[in-house]
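# Summary of the model geometry
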Amino acid sequence: MESNGQPVLLVLSGPSGVGKTTVARRLLKANKNLKRVVTCTTRGAREGEVDGVDYYFLGKSEFLERLESGKFLEHAVVYGKYYGTLKSSVYDSFTAGQDVLIVNDVQGALALNSILKEDVELSRALQTIILITEEVNELRKRLESRDQDNQETIEERLENASKEMDQQDKFDHVVISTTRDEDYRHVQEIYSSFKNK
């Protein structure tokens, strides 16, 4: 889908393990004008993740340096690690007329939402989507099958997920996750309908 008129600023969020990264990859593959904003983190790269593609993996001191110099639009500490969205990543793409995709945890997405709503042009383009599971148990299965975290970390993520899913009414769109194909189809439909307005 090519750009037509005003760019779209899509924020895709959801609890850890819900499948937002998978949906994001498919969206980017299917939509040439959609560019993902790569966020920064101090956590280590997971297997298969590439610096500059999935995240910018920064040391804590480098992250804090950028934070102090006002380079971040928003930042949050999640599971003891820093995450942040660089101002330049959002504004440069948007100004160039590209649709922008930001994939963020719920805390970061809500912080971004309140910041972006203060900008008249960006708030007109903004659409926020939260991807959630019907039950926390479904999320447990996904986190366990992902085999990336120990049991203690999984329990912490699930406790957090329950609170995050309670925030769903603060998003423009709620997608209940079922299969990867269906999740992608629902998010693509939201993007397409907003794009074609």
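Use the structure listed above.
The structure reproduced in this document is the subject of the present report. (Residues numbered from 1 in each chain as written. Predicted model: local features only at pLDDT ≥ 70, side-chain atom pairs only at ≥ 80, totals over all residues. Heavy atoms only, no water.)

### Description of the sheet that holds strand β1 (residues 9-13)
One key point about sheets: their strands pair by backbone hydrogen bonds, in either a parallel or an antiparallel sense. What the five strands build is an open sheet, ordered β2-β7-β1-β8-β9; its pairing is parallel. Pairing within the sheet leaves two strands with one partner each, and these edge strands are β2 (34-37) and β9 (173-176). The average undirected angle you get between the axes of adjacent strands in this sheet is 25°. One ladder, built from five bridges, connects β1 with strand β7 (residues 99-104); its direction is parallel. Bridging from a neighbouring strand, Val 11 pairs with Ile 102 of β7. (Pairing = 2+ DSSP bridges. Helix = DSSP H or I, 4+ residues; strand = E, 2+ residues; numbered from the N terminus. Axes fitted to C-alpha atoms, helices over the stretch in contact; angles between N-to-C directions.)

### Here we look at helix α1 (residues 20-30)
Along α1, the residues classified as buried are Lys 20, Val 23, Ala 24 and Leu 27. Taken around the axis of α1, the buried residues stretch over an arc of 100°, which confines them to a single face. Contact partners of the buried residues in α1: β1, β2, β7, β8 (126-132) and α8 (180-195). (Buried < 20%, exposed > 50% of the residue type's maximum accessible area, 1.4 Å probe, protein only. Arc of directions from axis to C-beta. Contact = heavy atoms within 4.5 Å.)

### Let's talk about the packing of aromatic side chains
One pass over the full model with this rule turns up four aromatic pairs. Relative to Tyr 82, the ring of Phe 63 has its centre 5.3 Å away and its plane inclined at 45°; by these criteria the two rings are tilted. Linking Phe 63 in helix α2 (residues 60-68) with Tyr 82 in strand β6 (residues 81-86), this pair joins segments that are 19 residues apart in sequence. On the basis of relative accessible area, Tyr 82 is assigned to the buried category, the value being 18%. (Phe/Tyr/Trp six-rings, centres within 6.5 Å; stacked < 30°, edge-to-face > 60°.)

### A short note on the pattern of salt bridges
Under the definition given, this model contains 11 salt bridges. The residue Glu 49 makes a salt bridge to Arg 43 at a minimum N-O spacing of 2.9 Å. When salt bridges that share partners are traced, they join Glu 138, Lys 141 and Arg 142 into one network. (Salt bridge = Lys/Arg side-chain N within 4 Å of Asp/Glu carboxyl O.)

### A closer look at the layout of surface pockets
Of the voids in this model, the largest pocket is the one considered here, and its volume is about 910 Å³. Along its surface, the largest pocket is lined by 37 residues, and Gly 17, Gly 19, Thr 21, Arg 46 and Arg 146 are the ones closest to its centre. Of all the elements in the fold, those that place two or more residues in the lining of the largest pocket are α1, β7, α6 (136-146), α7 (151-165) and α8. Taken together, the residues that form the lining of the largest pocket break down as eight nonpolar, 14 polar and 15 charged. (1 Å grid on protein atoms, 1.4 Å probe; cavity = no way out; pocket = protein on both sides within 12 Å on 5 of 7 lines; lining within 4 Å. Points joined across faces, edges and corners; volume = space filled by probe spheres on them. Nonpolar A, V, L, I, M, F, W, Y, C, P; charged D, E, K, R; others polar.)

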